[in-house]
Amino acid sequence: MDKTQKRMTLIVFSNDMDKAMAAFILATGAASSGMQVTMYFTFWGLTLLRKRNYFRRGKTLVERMFGWILPEGPEGARLSKLNFLGAGTSVMKSVIKKKKLPRLEDLTNMASSLDVKIVACTTSMEMMGIKPEELIDDIEIGGVATYLGEARKSAVNLFI
Amino acid sequence: MDKTQKRMTLIVFSNDMDKAMAAFILATGAASSGMQVTMYFTFWGLTLLRKRNYFRRGKTLVERMFGWILPEGPEGARLSKLNFLGAGTSVMKSVIKKKKLPRLEDLTNMASSLDVKIVACTTSMEMMGIKPEELIDDIEIGGVATYLGEARKSAVNLFI
Amino acid sequence: MDKTQKRMTLIVFSNDMDKAMAAFILATGAASSGMQVTMYFTFWGLTLLRKRNYFRRGKTLVERMFGWILPEGPEGARLSKLNFLGAGTSVMKSVIKKKKLPRLEDLTNMASSLDVKIVACTTSMEMMGIKPEELIDDIEIGGVATYLGEARKSAVNLFI
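Residues numbered from 1 in each chain as written. Chains lettered and ligands numbered in written order. Predicted model: local features only at pLDDT ≥ 70, side-chain atom pairs only at ≥ 80, totals over all residues. Heavy atoms only, no water.

(A) Spotlight on the sheet that holds strand E1 (residues 7–12) of chain B. Residue and element names in this part refer to chain B. Within the open sheet, the five strands sit side by side as E4-E3-E2-E1-E5. Their pairing is parallel. Two strands in the sheet have a free side with no partner beyond their single neighbour: strand E4 (140–142) and strand E5 (156–159). Direction aside, the axes of adjacent strands within the sheet are offset by 20° on average. Where E1 and strand E2 (residues 36–41) come together, six bridges link them in parallel fashion. (Pairing = 2+ DSSP bridges. Helix = DSSP H or I, 4+ residues; strand = E, 2+ residues; numbered from the N terminus. Axes fitted to C-alpha atoms, helices over the stretch in contact; angles between N-to-C directions.)

(B) The arrangement of the relation of the copies chain A and chain C in detail. The transform that puts chain A on chain C rotates by 120° and translates by 0.0 Å along the axis, for an RMSD of 0.0 Å. When the rotation and shift are considered jointly, the pair of chain copies conforms to a three-fold rotation axis. Comparing interface residues between copies, only 15% of those in chain A also sit at the interface in chain C, which points to a heterologous contact through distinct surfaces. (Least-squares fit on C-alpha atoms with pLDDT ≥ 70 in both. Contact = heavy atoms within 4.5 Å.)

(C) Focus on helix H1 (residues 17–32) of chain C. Residue and element names in this part refer to chain C. Across its 16 residues, H1 extends 22 Å between first and last C-alpha, which sits within 8% of the 22 Å expected from 1.5 Å per residue. Burial runs high along H1: 14 of the 16 residues are buried. Downstream of H1 by one or two residues, Gly34 has phi in the positive range, about 95°. (Expected span 1.5 Å × (residues − 1). Buried < 20%, exposed > 50% of the residue type's maximum accessible area, 1.4 Å probe, protein only.)

(D) Spatial organisation of the interface of chain A and chain B. Between chain A and chain B, the contact holds 30 residues from the first and 27 residues from the second. Buried area between chain A and chain B, summed over both chains or domains, comes out near 2400 Å², and the portion from carbon and sulfur atoms is 74%. If you look at where chain A meets chain B, you find two salt bridges. In this structure, Glu63(B) engages Lys99(A) in a salt bridge whose closest nitrogen and oxygen atoms are separated by 2.8 Å. Inspection of the chain A/chain B interface yields seven residue pairs in polar contact (both at pLDDT 80 or more). For the side of chain A that touches chain B, the secondary-structure elements that each account for two or more residues are helix H1 (17–32), helix H3 (87–98) and strand E5 (156–159) of chain A. (Buried area = accessible area lost by both parts, 1.4 Å probe. Salt bridge = Lys/Arg side-chain N within 4 Å of Asp/Glu carboxyl O. Polar contact = N/O pair within 3.5 Å; in protein donor to acceptor, adjacent residues only side chain to side chain.)

(E) Examining the packing of helix H6 (residues 144–151) of chain A against H1(C) more closely. Axis separation between H6(A) and H1(C) bottoms out at 10 Å; the angle between their running directions is 75°. As the angle between them shows, H6(A) and H1(C) are arranged roughly perpendicular. On H1(C), the residues touching Val144(A), Tyr147(A) and Leu148(A) of H6(A) are Ile25(C), Leu26(C), Gly29(C) and Ala30(C). Its residues assigned to classes, the contact of H6(A) with H1(C) shows six nonpolar, one polar and no charged. (Parallel < 35°, antiparallel > 145°, perpendicular 65-115°, else oblique. Nonpolar A, V, L, I, M, F, W, Y, C, P; charged D, E, K, R; others polar.)

(F) Just the pairing of strand E3 (residues 117–121) of chain C, in detail. Residue and element names in this part refer to chain C. E3 sits mainly inside the fold: four of its five residues count as buried. Two strands pair when backbone bridges link them, and strand E2 (residues 36–41) and E3 are joined in this way by four bridges, in the parallel orientation. Bridge assignment links Tyr40 to a residue of E3, and that residue is Val119. As paired strands, E3 and strand E4 (residues 140–142) are joined by three bridges and run parallel to one another. In the strand pairing of E4, Val119 is matched with Glu140. With helix H5 (residues 122–128) bridging E3 and the parallel E4, this β-α-β connection has right-handed handedness. (Right-handed = clockwise from strand over helix to strand, strands pointing away.)

(G) Structural detail: the pattern of salt bridges. According to the stated counting rule, one finds 27 salt bridges over all chains in the structure shown. The closest approach of N and O atoms between Asp137(A) and Lys51(A), which form a salt bridge, is 3.7 Å. Pair noted here: Asp137(A) is in the loop between helix H5 (122–128) and strand E4 (140–142) and Lys51(A) is in the loop between strand E2 (36–41) and helix H2 (61–69), with a separation of 86 residues, a long-range link. Taking relative accessible area as the criterion, Lys51(A) reaches 26% and is therefore assigned partly exposed. Here Arg7(B) makes a salt bridge to Glu150(B), at a shortest N to O gap of 2.6 Å. With Arg7(B) in strand E1 and Glu150(B) in helix H6 (residues 144–151), this residue pair connects regions lying 143 residues apart in the sequence. When its relative accessible area of 14% is taken as the criterion, Glu150(B) is described as buried. One network of salt bridges, with partners in common, ties together Arg7(A), Lys117(A) and Glu150(A).

Here's what the structure looks like:
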């Protein structure tokens, strides 16, 4: 592999459980095979990085509203299709458990232990009124320039 | 064109009719111009490769449920927007017919005849309980490593 | 940067407000940093290029129906999630205004002034019965070969 072929970036725009799983399976698969992977979490995808039950004072009404409505972390993710008010998502979760496939939470932890670089998008944080302390630890924060700097050097760039 | 510029990979995650059409139009366009194209069908996209009315014994209840609910092949695909319980999809299909544009089924066949490589994702097959014999013929089966091996050598990689 | 690293292409398939914003933020960010950016608008994304209140004679009933139902330009775009019949989209727009972030319309204009190349997909225009004069000025019209020619030479290619 030449230098470029060793890198992959994923923009994680969606917080759907199925798309998030696809993103983390790609990221952990690539990292296991020796690639340097950067996951850039933006817009709805940013909610996958939220800590659970984190309460922050001094938010505006709209920011608190976003806080209540948006899911917290990978456990809050739902299927993009066949969700059926949560029933489809529950069935899928039980299938994953029964077949001993990794859960979304497991994949997230696996990514960290494989040194996948996690970046939270600054513009999205500002838009939704999310502060750094509300997000999981050991991540970076960066804008579109950070993403592009990585993507230009990567063989595989996907928007999920 | 150098070697890398001759290759394209598409992850087909969605089974929406509109997105599937976009994927096959890209794939057949690229293959016609001499590029080597790999389409990697995962999650909902996997249902685009299902044979019609295929019945397999020995499935669990949940697997049979997936079998009933999930569409079978390209004919079962629906628009991602303006579906209106199928009415929008029917209108779009009649427009395609009237204007003599290729149907999704035609594009699928065209892809095969242009030697587009079709790969079904092993993890998705396991998750949904879909066996190789339920999928259309002359395709490969592979995991994320298969995809990444191809993508690293390709100039154009998209997630659809 | 070598030659390839200076180029990016974005297929804008979606007309969701959130995805369109992501596309234009990426495009304007890349163009500001000296990259050559091509945005290829296809399927629903094509509606982002429509002029407002443009009436054209001689359309079929179905084409006129598309004209009524499909949004006109960036102002008509809606959130892909939490839209709540438009309420979520209005809240997001007021947040963007309050925080002085660029609106989708501003980003579109910024892209033009930064010489981002805008291409409308011929197949989608034919499918939806949209004529060149219904689209905003100073754009190109092209098919899948136009897109692939650009994408093969680009370091970053995304499907949004």
